[in-house]
Amino acid sequence: MKHLAQYLLSLSLFLFCSAACADAEKLKSPDEQLAAKVAEISRMIDEQNGQKNISVAGKNNRTYITHSTKNREHALYYKMVSKKIEDYGTDHFPSKDGKKLYGEAYVSVAITESGNIDEQGSGIQIERSSGNKNLDDAALSIARHSAPFSRFSKARTSNKQAEIRVLIFHFNFNKRETEAPTDNKSTASK
């Protein structure tokens, strides 16, 4: 319970500091702002993973994974899940009243060893809102409808607890990725 409380406190402090530093962030370019956000989230996850897997009162071990993971197995799994979510999201680009929605959000997806969403635990959550409820709901829906994912092998640990992998994704819905190419060359937007 102590580790979960520390994680929640860290996440709360991150969100508070993000809001408090909004004015300072406006002075940075969008790329610099995004890089700073990703670095901070990665730092928090590395910090939590440095405490080994989080075990909550006999429940599941959780490993938090971002796109910058250095663990080869986690990186391959992250890439596979990311591709499945991106493919579904491309086919189901968010819209409201016939107009496409644009913005970005950070979403966590908790996946069990069997490849299913961890509905008994944190499941799928918005970690950082886009500021648009419809877009946030669409991001959650895209992640949910992309499941189930492939199974993964349990980490080699001495305990017999189930492992949960919590993957953090940056959903970025922008016009550039949805517009048709202007020349005869095909373009990939990934």
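This text goes with the structure placed above it.
Residues numbered from 1 in each chain as written. Predicted model: local features only at pLDDT ≥ 70, side-chain atom pairs only at ≥ 80, totals over all residues. Heavy atoms only, no water.

Visitor: Just checking my understanding: could you explain the environment of Leu101 for this structure?
Guide: For Leu101, the location among the structural elements is in the loop between strand 4 (99–100) and strand 5 (103–112). Judged by relative accessible area, which is 12%, Leu101 ranks as buried. Linking Leu101 and Phe173, residues 72 residues apart in sequence, is a C-alpha distance of 7.3 Å. Beyond its immediate sequence surroundings of up to four residues, Leu101 is in contact with Phe93, Pro94, Ser95, Lys96, Asn132, Asn134, Leu135 and Phe173. (Helix = DSSP H or I, 4+ residues; strand = E, 2+ residues; numbered from the N terminus. Buried < 20%, exposed > 50% of the residue type's maximum accessible area, 1.4 Å probe, protein only. Contact = heavy atoms within 4.5 Å.)

Visitor: Can you walk me through the nonpolar core in this structure?
Guide: The nonpolar side chains of soluble globular proteins are, as a tendency, buried together. Val81, Val109, Ile111, Phe149, Leu167, Phe169 and Phe171 are the most contacted members of the largest nonpolar core, which totals 23 residues. For this core, the elements supplying multiple residues, two or more each, are helix 4 (72–91), strand 5, helix 5 (133–146) and strand 7 (163–173). Among the elements that line this core, the one with the most residues is helix 5, at 5 residues. Ignoring anything within four residues of it in the chain, the contact list for Phe171 reads Ile85, Gly103, Glu104, Ala105, Val107, Ala139, Ile142 and Ala143. Listed in part, the 7 residues of the second largest apolar core include Tyr64, Ala110, Ile164 and Ile168. (Core = buried A, V, L, I, M, F, W, Y, C linked by side-chain atoms within 4.5 Å.)

Visitor: How should the pairing of strand 2 (residues 61–65) be read in this particular structure?
Guide: The two faces of a sheet get side chains in turn, since along a regular strand they alternate between them. Counting buried positions over the 5 residues of strand 2 gives 5, a clear majority of the element. Judged from the 5 bridges that link them, strand 2 and strand 7 form a sheet pairing that is parallel. Bridged to Ile65 within strand 7 is Leu167. (Pairing = 2+ DSSP bridges.)

Visitor: How should the packing of aromatic side chains be read in this particular structure?
Guide: Ring pairs (aromatic) are described by centroid distance and by the angle formed between their planes. In total, this model carries 5 aromatic pairs according to the counting rule given. Considering the side-chain rings of Tyr77 and Phe152, the 5.2 Å spacing of their centres and the 70 degrees angle between planes classify their relative orientation as edge-to-face. Placement of the pair is Tyr77 in helix 4 and Phe152 in the loop between helix 5 and strand 7, with a sequence separation of 75 residues. The class of Tyr77 is buried, set by a relative accessible area of 7%. Measuring from centroid to centroid gives 5.6 Å for Phe93 and Phe173, while their planes differ by 85 degrees, and the two rings are edge-to-face. Of this pair, Phe93 sits in the loop between helix 4 and strand 3 (95–96) while Phe173 sits in strand 7; the two residues are 80 residues apart in sequence, bridging distant segments of the chain. Across the pair, Phe173 and Phe93 agree in class, each one buried. Of the aromatic side chains, those joined through ring pairs into one cluster are Phe93, Tyr102, Phe171 and Phe173. The aromatic ring of Phe93 is capped on one face by Lys100, whose charged end is 5.3 Å from the ring centroid. Across from the ring centre of Tyr77, 5.4 Å away, lies the NZ or CZ of Arg165, which sits over that ring. (Phe/Tyr/Trp six-rings, centres within 6.5 Å; stacked < 30°, edge-to-face > 60°. Lys NZ or Arg CZ within 6 Å of the ring centre and 35° of its normal.)

Visitor: Honestly, the pattern of salt bridges in this entry has me stumped. Any pointers?
Guide: A side chain of one charge can pair with a side chain of the opposite charge if their charged atoms are brought near each other. In the structure shown here, the tally under the stated rule is 6 salt bridges. Salt-bridge contacts for Glu73 lead to Arg165; the nearest nitrogen and oxygen are separated by 2.8 Å. With a gap of 92 residues between them, Glu73 in helix 4 and Arg165 in strand 7 connect regions that are remote in the sequence. Salt-bridge contacts for Lys83 lead to Asp87; the nearest nitrogen and oxygen are separated by 2.9 Å. Here Lys83 pairs with Asp87, and both are found in helix 4, just 4 residues apart, close to one helical turn. Residue classification places Asp87 among the partly exposed residues on the basis of a relative accessible area of 32%. Bridged by salt links that share partners, the residues Glu73, Glu163 and Arg165 form one connected network. (Salt bridge = Lys/Arg side-chain N within 4 Å of Asp/Glu carboxyl O.)

Take it as geometry only, folks, not as evidence of what the structure does.
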